[in-house]
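Each chain, letter by letter, is given below.
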Amino acid sequence: MDELETAASVEEKVAALERYFTEVPAEDAAWALHLLSHKVKRAVKTSRLQEWAGEFSGIPPWLLKECHDASGDLAETLALMLPPNVEKPPALARLMERLPKLARSPEPEQRKLIEQAWRELDARQRVLWHKLITGAFRAGVPRTLLVRALANVAHVPRAVMAHRLAGEWSPTAADFRRLLHTQAESEPAPPYPFQLACALEQVPAELGDAQDWLAECQWEGVRAQLVRRGGQTLLWSREEELLKLPEIIAAGESLPEGTVLDGHLLAEEFSSHARGKGRVRLLSPPAFMAYDLLEHGGEDWRAKPLSKRRQQLEHLLHEFAKNWHTARRQPKPTAQGELFDLMGMPEAGAEAKNPKNVAEPPIRLSPRLELPTWHALAEHQEAARIRRIGGLILKRLDAPYVAGRHKGAWWQWKVEPLHIAAVLIGAQLGRGRHAHRYTNYTLGVWDGDQLAAIARVDSSLPEADVQRVDEFVRAHVTGRFGPVRSVEPKLVFEVAFDWVMESTRHRAGVVLIGARLTRWLEKKSPHEAGKLETLRELASEHRKRRQREEDRY
């Protein structure tokens, strides 16, 4: 864990994981993998742990509290204040075997088990132990890094390892060896490398004739490929994670064998800070919006021009939707209706809306915006915020599908972000290399003479500023709410966001979509921060304009 937290780059983290999984016994490696990839439930109350640690070490409660306030990390505070260990530390596997017993034991027995661990573990090992038994363990290691490291150790493709980890396995030496052992039957249906769009650097008119391009919505969701191959139906994220969405996978079983679709997983609801890292947490049953065909009839179609891939994709999904609706004995909604229901983006020239109460298939075709001129397309781009999409994607019709970003093939025409000044009112410890610093900020704006929370964002400040904010938080704590520390409202930051929506799920009554920290406004006083009234008016105006846009069609 020390190596992972101090690693300065992804490559160093992967190398540290490789060394560990190669050098330690299989039974310890199995438990480490389990801890890094699963959340561990709390086995003992934090209040009891503090009480027992104070009595075990002879330290009075007031001093323990003062030390905790100074460090900000209870697990570390207790680990350092306890007497040195007097017995030999057990192997990780032996230690982890105590957790189930600890969780189901009465408090007197829990105390005996914990005190035994304190006599065996050194200070660094105690930190991990305390986090495990209180449910506070956060590895800060993305699953993709675990997949990379284990794939390198096992000498198999990453997709193969991702597939194995997505299956059933337990933290035992036998299962860990099975994960590393190459088996033909474990080979999954892997995805293709994803093509990515480049940010548009010029006015669209400079791209040439608009008829040479396909324009689509820039969907807000999770990028994914739906693979139907070798009798398997798998849903892969861009990070090569297998996604378990039964509705999508069940629908994918009806696709022809040897089909790979590229697209986005969409949801009708978004979380309050869903796009902090480019990802959207799906809160409602998602749909797969397909916009490219990478494999057809078992043949790789990536080298074919987009115009041909798109034509075949439209035919494929037309037949799929027809069969899907026939099986359910209901009329098929129009493309216009599908688009309205999802994001409110009307298809050019369409008039009919989706009949009410008609379900739509989980796999849908991303509508194309066939507009005659760049000027006409610009009107849709300007309205993208009202329609709750991130902008438009422009794709050359004669271009093949190529992995990565290649200028000239796909362009991302994003909406300009909105900004508001907000006050830091709370903070929480970060993860990974920021696990011991307050880098997760709760920001608020003025609602009358009170500050109302509008966003939680991860710090994107320079390292020097991260350290300064962390020092400020520790020196100006006014309250504790679980892992969150409320602070004196003195620091002001600029928050960028894509759009704002009215929400009954949030106390402020609004939710910022795509909220992210842009800069520290050191010269602004808290009283110069934005107002909640401004955001509510903006959300209301967006809703009204969206309704007017829909009423036009």
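As the structure is a prediction and not an experimental result, all values here were calculated from the model.

1. A short note on the overall build of the chain
Alright, step 1. When you go through the chain residue by residue, the secondary structure sums to 19 helices and 21 strands.
Alright, step 2. By residue count, 52% of the 553 residues in the chain fall in the buried class.
Alright, step 3. Once local pairs closer than 6 in sequence are excluded, the contacts in the chain between residues at least 24 apart make up 69%.
Alright, step 4. Working note: accessible area of the chain is about 26300 Å², and carbon and sulfur atoms make up 51% of it.

2. Quick word on the side chain of Asp-262
Alright, step 1. Its location among the elements puts Asp-262 in strand β6 (residues 259-266).
Alright, step 2. One polar contact links Asp-262 to Arg-223, side chain to side chain, over a distance of 2.7 Å.

3. Describing the packing of helix α2 (residues 10-23) against helix α3 (residues 26-37)
Alright, step 1. Direction vectors running N to C along α2 and α3 enclose 145°, while the axes themselves pass 8 Å from each other. At the point where α2 passes α3, the crossing takes the left-handed sense. Here Leu-17, Tyr-20 and Phe-21 of α2 come into contact with α3, specifically with Asp-28, Ala-29, Ala-32, Leu-33 and Leu-36.
Alright, step 2. Of the residues that constitute the contact of α2 with α3, the class distribution is seven nonpolar, no polar and one charged.

4. Digging into helix α13 (residues 173-180)
Alright, step 1. Of all the residues in α13, the buried ones are Asp-175, Phe-176 and Leu-179. Each buried residue of α13 lies within a common arc of 100° when the element is viewed along its axis, so the set occupies one face. Those residues of α13 that are exposed and angled more than 90 degrees off the buried face are Ala-174 and Arg-177.

5. Description of the sheet that holds strand β2 (residues 198-199)
Alright, step 1. Taken together, four strands build an open sheet; the order of strands is β2-β12-β10-β3 and the sheet is mixed. Each edge of the open sheet carries a strand with a single partner, namely β2 and β3 (213-217).

6. With respect to helix α10 (residues 123-133)
Alright, step 1. Among the residues of α10, Arg-126, Val-127, Trp-129, His-130, Leu-132 and Ile-133 are the ones counted as buried.
Alright, step 2. Where α10 is buried, its residues touch α3, α4 (46-57), α6 (74-81), α7 (92-96), α8 (98-104) and α9 (107-120).
Alright, step 3. N-cap assignment for α10: the residue whose side-chain oxygen lies 3.2 Å from the backbone N of Arg-124 is Asp-122.
Alright, step 4. Gly-135 occupies a position one or two residues after α10 and carries a positive phi of about 75°.

7. Let's talk about the environment of Asp-449
Alright, step 1. Position of Asp-449 among the secondary structure elements: in the loop between β14 (438-447) and β15 (450-458).
Alright, step 2. Given a relative accessible area of 61%, Asp-449 falls into the exposed group.

8. Let's talk about the pattern of salt bridges
Alright, step 1. All chains considered together, the criterion is met by 29 salt bridges.
Alright, step 2. Between Glu-115 and Arg-111 there is a salt bridge; the shortest N-O distance is 2.9 Å. Of the two residues, Glu-115 and Arg-111 are both situated in helix α9; the distance of four residues between them amounts to about one turn of the helix.
Alright, step 3. Overall, the relative accessible area of 16% leaves Glu-115 in the buried class.

9. Topic: the side chain of Asp-28
Alright, step 1. Topologically, Asp-28 is positioned in helix α3.
Alright, step 2. One buried charged residue, Asp-28, forms no salt bridge at all, with the nearest opposite charge on Arg-94 at 6.1 Å.
Alright, step 3. Reaching out from Asp-28, the side chain makes a polar contact with the backbone nitrogen of Leu-92 at a distance of 3.5 Å.
Alright, step 4. Among all residues touching Asp-28, those that are not within four sequence positions of it are Tyr-20, Ala-91, Leu-92 and Ala-93.

10. What to know about the confidence of the model for the chain
Alright, step 1. The predicted model of the chain has a mean per-residue pLDDT of 82, with 83% of residues at 70 or higher.
Alright, step 2. Within the chain, helix α16 (residues 335-342) has the poorest average pLDDT of any element, 39, and strand β7 (residues 287-296) the best, 95.
Alright, step 3. Here residues 269-280 is a poorly scored stretch, pLDDT under 50, and it has 36 contacts once near neighbours within four places are set aside; other chains count.
Alright, step 4. Predicted confidence for residues 334-357 stays below pLDDT 50, and this span has 68 contacts to residues more than four positions away or in other chains.

11. Section: unusual backbone geometry
Negative phi values dominate among residues other than glycine, just as trans dominates among peptide bonds.
Alright, step 1. Although it is not a glycine, His-155 sits at a positive phi angle of roughly 60°.
Alright, step 2. As for its placement among the helices and strands, His-155 is situated in the loop between α11 (143-154) and α12 (158-166).
Alright, step 3. By relative accessible area, His-155 is classed as exposed at 73%.

Reading guide: rules and limits
- Residues numbered from 1 in each chain as written.
- Predicted model: local features only at pLDDT ≥ 70, side-chain atom pairs only at ≥ 80, totals over all residues.
- Heavy atoms only, no water.
- Helix = DSSP H or I, 4+ residues; strand = E, 2+ residues; numbered from the N terminus.
- Buried < 20%, exposed > 50% of the residue type's maximum accessible area, 1.4 Å probe, protein only.
- Contact = heavy atoms within 4.5 Å.
- Areas by Shrake-Rupley, 256 points an atom, 1.4 Å probe, with all protein chains shown as cover.
- Polar contact = N/O pair within 3.5 Å; in protein donor to acceptor, adjacent residues only side chain to side chain.
- Axes fitted to C-alpha atoms, helices over the stretch in contact; angles between N-to-C directions.
- Left-handed = near helix turned anticlockwise from the far one by under 90°.
- Nonpolar A, V, L, I, M, F, W, Y, C, P; charged D, E, K, R; others polar.
- Arc of directions from axis to C-beta.
- Pairing = 2+ DSSP bridges.
- Salt bridge = Lys/Arg side-chain N within 4 Å of Asp/Glu carboxyl O.
- Lys, Arg positive; Asp, Glu negative; His and termini not counted.
- pLDDT = per-residue confidence, 0-100.

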